[in-house]
Amino acid sequence: MRKNFGPKPFLYPQLVMVIASYGRDGTPDAMNAAWGGIAGGDKIFLCLSSNHKTVENILERKAFTVSVADEAHLVEADYVGLVSGNDVPDKLERSGLHATRSEFVDAPVIDELPLVLECKLVSYDPETHFMVGRIVNAGADEAILDEAGMIDPARLKPLTFDPANGTYWSLGEKVGKAFSDGGKLK
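Everything numeric here is computed off the predicted structure, so don't read it as measured data.

Chemist: Tell me about the pairing of strand S2 (residues 17–22), residues and numbers included.
Modeler: Among the 6 residues in S2, 6 count as buried, and that is most of the element. Both faces of S2 are covered, namely the face carrying Met-17, Ile-19 and Ser-21 and the face carrying Val-18, Ala-20 and Tyr-22. Looking at chain direction, S2 and strand S3 (residues 28–33) are connected through 6 bridges and run antiparallel. Residue Ile-19 lies in a different strand from S3, and its bridge partner there is Met-31. Summarising the sheet, S2 and strand S6 (residues 63–68) pair through 4 bridges and their orientation is antiparallel.

Next up, the structure:
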């Protein structure tokens, strides 16, 4: 038997993303978001309401970064989601996170978060809150790479969001091989 919840955003896991931008005066800003994903091979979509300072910055600068929050920075990632840049202009600094200018787009890269997508704005619809960015670079700290030089989720330790209960979770263990295990049914 199933329990029906109605139209709820219960898709698991939802990565906790930290979206960063520069303000008009060059001050780095960041916010926490969980509603978004990959759109095709080179785009990311986010659902961000227009009242966010980060959205205002992105619309002006036409660029942003999306970092995957990790377990080690749960408190900081949650903080940038709790506090508005409209009220606390230096919230990134107050969070204890640091930023370095991206080599690829006019946006900050958060130093402590080991995986980042550097994006140029493609479109934003203020009615649906739907933002699309073109990924121009994906960068990863060497500490999260495996022996083959690829991202190791066990080293990344991405933070995920549980929308039904308003909690954060860590990612579990590897249980299979994509594009392979299903071949057993052929």
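Chemist: So what's going on with the sheet that holds S6? Residues and values would help.
Modeler: One key point about sheets: their strands pair by backbone hydrogen bonds, in either a parallel or an antiparallel sense. The strand order across the open sheet built from 7 strands is S3-S2-S6-S9-S10-S5-S4, with neighbouring strands paired in antiparallel fashion. Each of the sheet's edge strands pairs with one partner strand only, and the pair in question is S3 and strand S4 (36–38). For this sheet, the mean inter-axis angle between neighbouring strands, taken without regard to orientation, is 30°. Summarising the sheet, strand S9 (residues 115–125) and strand S10 (residues 130–140) pair through 10 bridges and their orientation is antiparallel. Note that in S10 the partner of Cys-119 across the bridge is Ile-135.

Chemist: Go over the nonpolar core, please, and point to the residues and values.
Modeler: In this structure, Ile-19, Ile-44, Leu-46, Leu-48, Phe-64, Val-66 and Met-131 are the most contacted members of the largest nonpolar core, which totals 17 residues. A per-element tally of this core places S9 first, with 4 residues. When residues no more than four places from it in sequence are discounted, the contact partners of Leu-46 are Met-17, Ile-19, Trp-35, Gly-36, Phe-64, Val-66, His-129, Phe-130 and Met-131. Val-18, Ala-20, Ala-34 and Ile-110 belong to the second-largest nonpolar core, a separate cluster that totals 14 residues.

Chemist: Residues and numbers for the state of the cysteines, please.
Modeler: Each disulfide is one covalent bond, formed between the sulfur atoms of two cysteines. Counting across every chain of the model gives 0 disulfides. With no disulfide partner, Cys-47 has as its closest neighbouring cysteine sulfur the one in Cys-119, 16 Å distant. Classification of Cys-119 as buried rests on a relative accessible area of 0%.

Chemist: Tell me about the side chain of Asn-57, residues and numbers included.
Modeler: Of note, Asn-57 is situated in helix H1 (residues 53–61). The contacts of Asn-57, once residues within four sequence positions are left out, are Ser-21, Tyr-22, Gly-23, Arg-24, Asp-29 and Lys-62.

Chemist: Which residues make up H1, and what are the values?
Modeler: Within the span of H1, buried status applies to Thr-54, Val-55, Asn-57 and Ile-58. The buried residues of H1 all sit within an arc of 160° when viewed along its axis, so they share a single face. Its buried side turned inward, H1 meets S2, S3, S6, S9 and S10. Positive backbone phi, at 65°, marks Lys-62, one or two positions downstream of H1.

Chemist: Residue-level account of the packing of aromatic side chains, with values.
Modeler: By the definition in use, this model includes 4 aromatic pairs. Aromatic side chains Phe-5 and Phe-10 sit 5.3 Å apart centroid to centroid with 70° between the ring planes, which places their arrangement in the edge-to-face category. Of the residues examined, Phe-5 reaches a relative accessible area of 48% and is grouped as partly exposed. Residue Phe-10 is classed as partly exposed on the basis of its relative accessible area, which comes to 32%. Chaining the aromatic ring pairs together yields one cluster made of Trp-35, Phe-161 and Tyr-168.

Chemist: Please set out a nonpolar patch on the surface residue by residue, giving values where relevant.
Modeler: Where nonpolar side chains cluster on the molecular surface, the patch consists of Phe-5, Phe-10 and Tyr-12 and spans about 310 Å² of accessible area. Tracing the sequence through the fold places Phe-5 in the segment before strand S1 (14–15).

Chemist: Which residues make up the sheet that holds S1, and what values do they have?
Modeler: Judged by pairing direction, the sheet is antiparallel, and its 3 strands sit side by side in the order S1-S11-S12 without closing on themselves. Taken across any chain shown, the strands that pair with only one partner, and hence form the sheet edges, are S1 and strand S12 (167–170). Pairing geometry for strand S11 (residues 159–162) and S12, over 4 bridges, is antiparallel. Looking at the pairing, Thr-160 lines up with Trp-169 of S12.

The rules we used
Residues numbered from 1 in each chain as written. Predicted model: local features only at pLDDT ≥ 70, side-chain atom pairs only at ≥ 80, totals over all residues. Heavy atoms only, no water. Buried < 20%, exposed > 50% of the residue type's maximum accessible area, 1.4 Å probe, protein only. Helix = DSSP H or I, 4+ residues; strand = E, 2+ residues; numbered from the N terminus. Pairing = 2+ DSSP bridges. Axes fitted to C-alpha atoms, helices over the stretch in contact; angles between N-to-C directions. Core = buried A, V, L, I, M, F, W, Y, C linked by side-chain atoms within 4.5 Å. Contact = heavy atoms within 4.5 Å. Disulfide = S-S within 2.5 Å. Arc of directions from axis to C-beta. Phe/Tyr/Trp six-rings, centres within 6.5 Å; stacked < 30°, edge-to-face > 60°. Patch = residues over 30% accessible without salt bridge, like charges linked within 9 Å, V, L, I, M, F, W, Y side chains within 5 Å. Areas by Shrake-Rupley, 256 points an atom, 1.4 Å probe, with all protein chains shown as cover. Salt bridge = Lys/Arg side-chain N within 4 Å of Asp/Glu carboxyl O.

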